[in-house]
Amino acid sequence: MVRTVQLSQVIHGPVLLPHPVTRQGFSSPVSPGTGWPGDPADATTPVATTAAAVRRLARTSASVEELTARVSVCRACPRLVAWREEVATTGRRASFADQPYWGRPGPSFGDPDAPVVIVGLAPAANGTNRTGRMFTGDRSGDWLYAALHRTGYASRPTSVSAGDGLRLTGIRIVAAVRCAPPENKPLPVERETCGSWLDRDLTLSAPGLRSMLALGGIAWDATLASARRLGWAVPTPKPRFGHGVETTLATAAGRPVRLVASYHVSQQNTFTGKLTEPMLDAVIRRL
Ligand code: SF4
């Protein structure tokens, strides 16, 4: 099977597989602006290939939409670019072998003017890296979107594929790192490079921001570090992560923003009962 695909690629160019919702054919990774549902970028979107370029393109993004487009084509971390594209081409999970893989950074998802922002860790290799939407197509997303539906933020309880009609109101989901990392472990330098996108996300959200939810300790640390870089008031000593912990920051303009912590919605936590549905609902209801 693999040999047949490779041979046809040589003869006919990239293999096109049908999107699970629209049935349009896509190569993996997906080229910007070719019709993937929710693709924020097009062929003219500038591509960051270095940390300096991430800083520059983030700083000059005038809107959440422009920022999200630029994030979605970023190539600044060589190890993560190689990994996300390897998974998208030769490393697809057998159960998804008939689907195209997004194979690009996960764009933020939700209401661009939201007063509430969720900060996740990083895309999953066969979740966001396949579907092109945050927390979509894996068990973590099943938990998160069900909770967002129960608490009134999501139009439906499931998130299976981009293009499935799901809408978020009053909330937007971003991540500390936007590319799927091997073993879900981004390197410090990758967290630092991607932090510039997070900085801009928080800056653009700041004027109307009320609260944030950090999913897991890495997201908690990344959010506090971003707030510090942006000159926001952050309590000292640094508040320690723990489920249900809450602290109040103040934006550079003096606007108070509550930061709430939750255990991550990973299977490691949800399967073991470390994080239960009532626990997750309770922190989301506080946002
Ligand atoms: S992890 Fe972030 S900075 Fe690195 S390539 Fe992906 S989007 Fe770009």
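Note that this is a predicted model, so its numbers are computed, not measured.

Student: How do you make sense of the sheet that holds strand E4 (residues 116-120) when you look at a structure like this?
Tutor: The pairing of strands in a sheet happens through backbone hydrogen bonds and is either parallel or antiparallel. Pairing within the open sheet is mixed, and its 6 strands lie in the order E3-E5-E4-E6-E8-E7. Sheet topology places strand E3 (109-110) and strand E7 (246-250) at the edges, where each strand pairs with a single neighbour. Sheet analysis places E3 next to strand E5 (residues 171-175), joined by 2 bridges and oriented antiparallel. Bridge assignment links Gly 110 to a residue of E5, and that residue is Arg 172.

Student: What exactly am I supposed to notice about helix H10 (residues 277-285) here?
Tutor: Along an α-helix, residues three or four positions apart point the same way, because every turn accommodates 3.6 residues. Leu 280, Val 283 and Ile 284 are the residues of H10 that are buried. One side of H10 carries all its buried residues, which in axial view fall inside an arc of 100°. Seen from the open side of H10, the exposed residues pointing more than 90 degrees away from its buried face are Pro 278 and Arg 285. Contacts from the buried residues of H10 go to helix H6 (139-150), strand E6 (211-215) and strand E8 (256-262).

Student: What's the story with the site of the ligand in this structure? I'm lost.
Tutor: Close to the ligand lie 16 residues, the nearest being Cys 74, Cys 77, Arg 178, Cys 179 and Cys 194. For the shell around the ligand, the elements supplying multiple residues, two or more each, are helix H4 (78-89) and helix H7 (188-205). Top element by residues in the shell around the ligand is H7. It accounts for 4 residues. Of the residues contributing to the shell around the ligand, the split by class is 12 nonpolar, 1 polar and 3 charged.

Student: Whenever I open this one, the pairing of E4 confuses me. Can you help?
Tutor: In the case of a regular strand, side chains alternate between the two sheet surfaces. Of all 5 residues making up E4, 5 are buried, and the element is well covered by its neighbours. Of the two faces of E4, the one carrying Val 116, Ile 118 and Gly 120 and the one carrying Val 117 and Val 119 are both buried. Note: E4 against E6, 4 bridges, orientation parallel. Each residue of the ladder has a partner; that of Val 116, found in E6, is Ser 211.

Rules used in this analysis
- All chains use their own residue numbering, which begins from 1 and follows the written sequence.
- Under the rules for a predicted model, residues below a pLDDT of 70 receive no local features and side-chain atom pairs below 80 are neither given nor counted, while totals for whole chains, interfaces and linings still include all residues.
- DSSP calls a pair of strands paired once it identifies at least 2 bridges connecting them.
- Secondary structure counts use DSSP, requiring at least four H or I residues in a row for a helix and at least two E residues in a row for a strand, with both numbered from the N terminus.
- Three exposure classes are used. Buried residues have 20 or more other C-beta atoms within 10 Å of their own C-beta, exposed residues have 12 or fewer, and partly exposed residues fall in between, all C-beta atoms being placed from the backbone.
- It is the directions from the helix axis to the C-beta atoms whose arc is reported.
- Each residue is represented by a C-beta atom placed from its backbone, and any two residues with such atoms within 7 Å are regarded as in contact.
- The criterion for a residue being near a molecule or strand is a backbone-placed C-beta atom within 6 Å of that molecule or strand.
- Gly falls in the polar group here, along with every residue not listed as nonpolar (Ala, Val, Leu, Ile, Met, Phe, Trp, Tyr, Cys, Pro) or charged (Asp, Glu, Lys, Arg).

Shape descriptors only; they carry no functional weight alone.
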